[in-house]
Amino acid sequence: MQSLYQYESEEERLERENEQKRLERRRQKRAEMRRKRRRQVMINRCILGTVCICILVGFIFLIRFSVKGISKLVKENDTETELQGSDDTDLQFNSTEPVIELEEVEPEEIPVKTYEAHTTDATVITGADVISERSVMIDLATGDILMQKGYKDRISPASMTKVLTVLVAAEHLTEEQLDDTFTITPEITSYVWKHDCSAVCWSDDEVVTVRDLLYGTILPSGADAAVGLATYIAGSQEAFVDMMNEKIDELGLSGSSHFTNCVGLYDDNHYSTVYDIAMMMEAAVDNDLALKALSTKKYVTTSTAQHPDGIEISNWFLRRIEDKDTGGEVIAAKTGFVNESRNCAVSYGKDNSGNDYVICTQGSTSSWRCIYDHVAMYKQFEGKINNGSQDSSAVITEDETEGEAPNGN
């Protein structure tokens, strides 16, 4: 085992051990929540059945009274229309004033930003020091693709999907709505455990804020937060996914991207490309609320009865890359993992001259290796690594054998 950790620093070893402890506590909590959920489901079903019967009876009476009222109103309106028509005819023939036609002024169209990038003669193939199977790096100022490898290949985007989730949500939220509350239902927690998703780990019937849902979707890649956010915005995950695909079409990416869920679970019809995800990240960077969620490194959720001190959540990609030499600063990021795509990530950063870039990679061997792939790409453009001629793996202090993350991480 020594060879696996020979490059691991003391700080990273402690961080890895702490993460393992957190995962163990999370597994124990999930088991306890499953037991509570089974008891609560039986109670909820009885309550739901009673409520549905009451609603059905009330709805039948409402329809009966509404039909009678509408019939009466239609008859009265028909009578008034006949009288009004005769009066208007008399006025039309007796009027001698000229009719002035007003020219209709068309509203000025507001230009919509186009999200697209292009290869140039200077575009290079991503160097061998980047382990990820597919990658792209884009200069946001010029729209030039600086380097790429398989950037138009179809992939399963895993939890990079959540970049679009928070973008669509942010476009339909006001600042006041961030303090609205939402109740985590047993259906949401059941969905998370059934698909073995990453989660904030809220309990059944826990009342959280919409702000918590937004940050919970990105920082710990919480499926419970993402489904809750989708339900708050659109009423259901299915309706929200329709909004996501409409946004994809608006961005001009519908020919190569299509989503079936807001979490990032694998599905044959849930697909994208590293180029498309990079474009979605650029659009998210242009939205202040989405960028704030994607760039926050640490957040504590609102105090609840189940969690009086809140739950501390982190964007570990940003926290781990912040002390690495990228020739600038990585400002925002979202990771992802499913078996079909392995580790992937999309990040937004600035170099020391203030130039903006987006990088997206897919198919790396671990979460740490994915981070170093982004470090290598930022540094390669800075000229510190010449087209992969220098092997950056010699200085990587990561655990290459770390366990696979849950689906949609």
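Residues numbered from 1 in each chain as written. Predicted model: local features only at pLDDT ≥ 70, side-chain atom pairs only at ≥ 80, totals over all residues. Heavy atoms only, no water.

K.L.:
Is there a simple way to think about the overall build of the protein chain in this case?
P.N.:
Tallying secondary structure elements over the protein chain gives ten helices and ten strands in all. For the protein chain, with 409 residues in total, the buried portion stands at 45%. A sequence separation of at least 24 residues applies to 67% of the contacts in the protein chain between residues at least 6 apart. Counting only carbon and sulfur atoms, one obtains 51% of the accessible surface of the protein chain, whose full area is about 21,800 Å². (Helix = DSSP H or I, 4+ residues; strand = E, 2+ residues; numbered from the N terminus. Buried < 20%, exposed > 50% of the residue type's maximum accessible area, 1.4 Å probe, protein only. Contact = heavy atoms within 4.5 Å. Areas by Shrake-Rupley, 256 points an atom, 1.4 Å probe, with all protein chains shown as cover.)

K.L.:
What am I meant to see in a negative patch on the surface here?
P.N.:
Together, E238, D242, E246 and D249 give the surface a local cluster of negative charge. Mapped onto the elements of the fold, E246 is located in helix α6 (residues 237–250). (Patch = residues over 30% accessible without salt bridge, like charges linked within 9 Å, V, L, I, M, F, W, Y side chains within 5 Å. Salt bridge = Lys/Arg side-chain N within 4 Å of Asp/Glu carboxyl O. Lys, Arg positive; Asp, Glu negative; His and termini not counted. Charge placed at Lys NZ, Arg CZ, Asp CG, Glu CD.)

K.L.:
Before we go on, may I ask you to explain a nonpolar patch on the surface in this structure?
P.N.:
A surface patch of nonpolar side chains, about 360 Å² in accessible area, is lined by I43, I47, V51 and I55. Relative to the assigned elements, I43 resides in helix α1 (residues 10–94). By relative accessible area, I43 is classed as partly exposed at 46%.

K.L.:
Just checking my understanding: could you explain the packing of helix α7 (residues 274–285) against helix α8 (residues 288–295) for this structure?
P.N.:
Any two packed helices are characterised by the angle at which their axes cross and by the distance between the axes. Packing of α7 against α8 brings their axes to within 6 Å, and their N-to-C directions diverge by 110°. By the angle class used here, α7 and α8 are roughly perpendicular. In contact with M281, A284 and V285 of α7, α8 contributes A290, L291 and L294. Looking at the contact of α7 with α8, its residues break down into six nonpolar, no polar and no charged. (Axes fitted to C-alpha atoms, helices over the stretch in contact; angles between N-to-C directions. Parallel < 35°, antiparallel > 145°, perpendicular 65-115°, else oblique. Nonpolar A, V, L, I, M, F, W, Y, C, P; charged D, E, K, R; others polar.)

K.L.:
Looking at this structure, how should I read the pattern of salt bridges?
P.N.:
Pairing is possible between side chains of opposite charge, provided their charged atoms come close. Applying the stated rule across the entire model yields ten salt bridges. Between R134 and D153 there is a salt bridge, with the nearest N and O atoms lying 3.2 Å from each other. Linking R134 in strand β2 (residues 134–139) with D153 in the loop between β3 (144–149) and α2 (161–171), this pair joins segments that are 19 residues apart in sequence. Put simply, E175 and R211 hold a salt bridge, and the shortest N to O gap is 3.9 Å. Separated by 36 residues along the polypeptide, E175 in the loop between α2 and β4 (181–183) and R211 in helix α4 (residues 210–218) bring together distant segments of the chain.

K.L.:
Got a minute to help me understand the pairing of strand β10 (residues 356–364) in this structure?
P.N.:
Consecutive side chains of a regular strand alternate in pointing toward one face of the sheet and then the other. β10 sits mainly inside the fold: eight of its nine residues count as buried. Relative to β10, strand β9 (residues 342–351) runs antiparallel, the two sharing eight bridges. Note that in β10 the partner of Y348 across the bridge is V358. The hairpin turn running from β9 into β10, its antiparallel successor, is four residues long, and G354 in that turn takes a positive phi close to 90°. (Pairing = 2+ DSSP bridges.)

K.L.:
Which parts of the structure should I look at to understand the environment of A199?
P.N.:
For A199, the position within the fold is in the loop between α3 (186–194) and β5 (207–209). A199 gets classed as buried once you look at its relative accessible area, which sits at 1%. Residues A199 and P220, 21 residues apart in the sequence, show an inter-C-alpha distance of 6.6 Å.

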